[in-house]
Amino acid sequence: MAMASVRIRQAEEGDCGNILKLIRELAEYEKLSDQVKISEEALRADGFGENPFYCCLVAELLPAPGEPQGQGIGSKIIKKVAEVRRGMGPPAWFWKSKHVALERGCSQLRLTVLDWNKGAMDLYKALGARDLTEAEGWHSFRFEEEAMRELAGK
């Protein structure tokens, strides 16, 4: 039986609703749902305006030849995604991001991983990434909106 394949492409403005859905699903998985503050409108403005703040890639699951299309979301789709991922090794988005970064002249590709996600850390290390927390002692800091307003005197 032929397997479905994945196509990675640049995000388009019309993808913002699904991008936000995935952001929320990832936040839920990471137990950080309360930290999602962005809206679909902000994603559009920030990613597709005159001076975009971010670059986004979209992975599309393409059906195998002869497989019916348009089956909707359900256990069969989820199972198919798992089958495709098992056969791919590192996620396709990782390989595409590496190429996009190099094409745009970037000298680094940085990834953020929660301390409990050992599987992701092990994968990135196995692929040659340096854990900056271990290697250089870097810690990541973030100023929330309230703290920024206090610093700005607003």
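Here is what the cut-offs are and how they apply
Residues numbered from 1 in each chain as written. Predicted model: local features only at pLDDT ≥ 70, side-chain atom pairs only at ≥ 80, totals over all residues. Heavy atoms only, no water. Axes fitted to C-alpha atoms, helices over the stretch in contact; angles between N-to-C directions. Helix = DSSP H or I, 4+ residues; strand = E, 2+ residues; numbered from the N terminus. Parallel < 35°, antiparallel > 145°, perpendicular 65-115°, else oblique. Left-handed = near helix turned anticlockwise from the far one by under 90°. Contact = heavy atoms within 4.5 Å. Nonpolar A, V, L, I, M, F, W, Y, C, P; charged D, E, K, R; others polar. Core = buried A, V, L, I, M, F, W, Y, C linked by side-chain atoms within 4.5 Å. Buried < 20%, exposed > 50% of the residue type's maximum accessible area, 1.4 Å probe, protein only. Salt bridge = Lys/Arg side-chain N within 4 Å of Asp/Glu carboxyl O.

1. Some points on the packing of helix 1 (residues 16–29) against helix 2 (residues 40–48)
Inference 1: In the contact formed by helix 1 and helix 2, the axes pass within 9 Å of each other and the chain directions differ by 110°. For the element pair helix 1 / helix 2, the angle class is roughly perpendicular. Helix 2 is crossed by helix 1, and the crossing has right-handed handedness. Contacts from Cys-16, Gly-17, Ile-19, Leu-20 and Ile-23 in helix 1 reach Glu-40, Leu-43, Arg-44 and Phe-48 in helix 2.
Inference 2: A breakdown of the residues in the contact of helix 1 with helix 2 according to their chemical character gives 6 nonpolar, 1 polar and 2 charged.

2. Describing the nonpolar core
Inference 1: Of all hydrophobic cores here, the largest spans 7 residues; its members are Ala-11, Cys-16, Ile-19, Leu-20, Leu-43, Cys-56 and Val-58.
Inference 2: Dropping the residues within four chain positions of it, Ala-11 is found in contact with Ile-19, Phe-48, Cys-56, Leu-57 and Val-58.

3. Overview of the pattern of salt bridges
Inference 1: Under the definition given, this model contains 8 salt bridges.
Inference 2: The salt bridge partner of Glu-25 is Lys-21, with a shortest N-O separation of 3.7 Å. With Glu-25 and Lys-21 both in helix 1, this residue pair falls 4 residues apart, about one helical turn.
Inference 3: Where Arg-149 meets Glu-145, a salt bridge forms, and the shortest distance between an N and an O atom there is 2.6 Å. Of the two residues, Arg-149 and Glu-145 are both situated in helix 7 (residues 145–152); the distance of 4 residues between them amounts to about one turn of the helix.
Inference 4: Given the relative accessible area of 42%, Arg-149 is considered partly exposed.

4. Notes on the environment of Leu-43
Inference 1: Its place among the elements puts Leu-43 in helix 2.
Inference 2: The contacts of Leu-43, once residues within four sequence positions are left out, are Cys-16, Ile-19, Leu-20, Ile-23, Ile-38, Phe-48 and Tyr-54.

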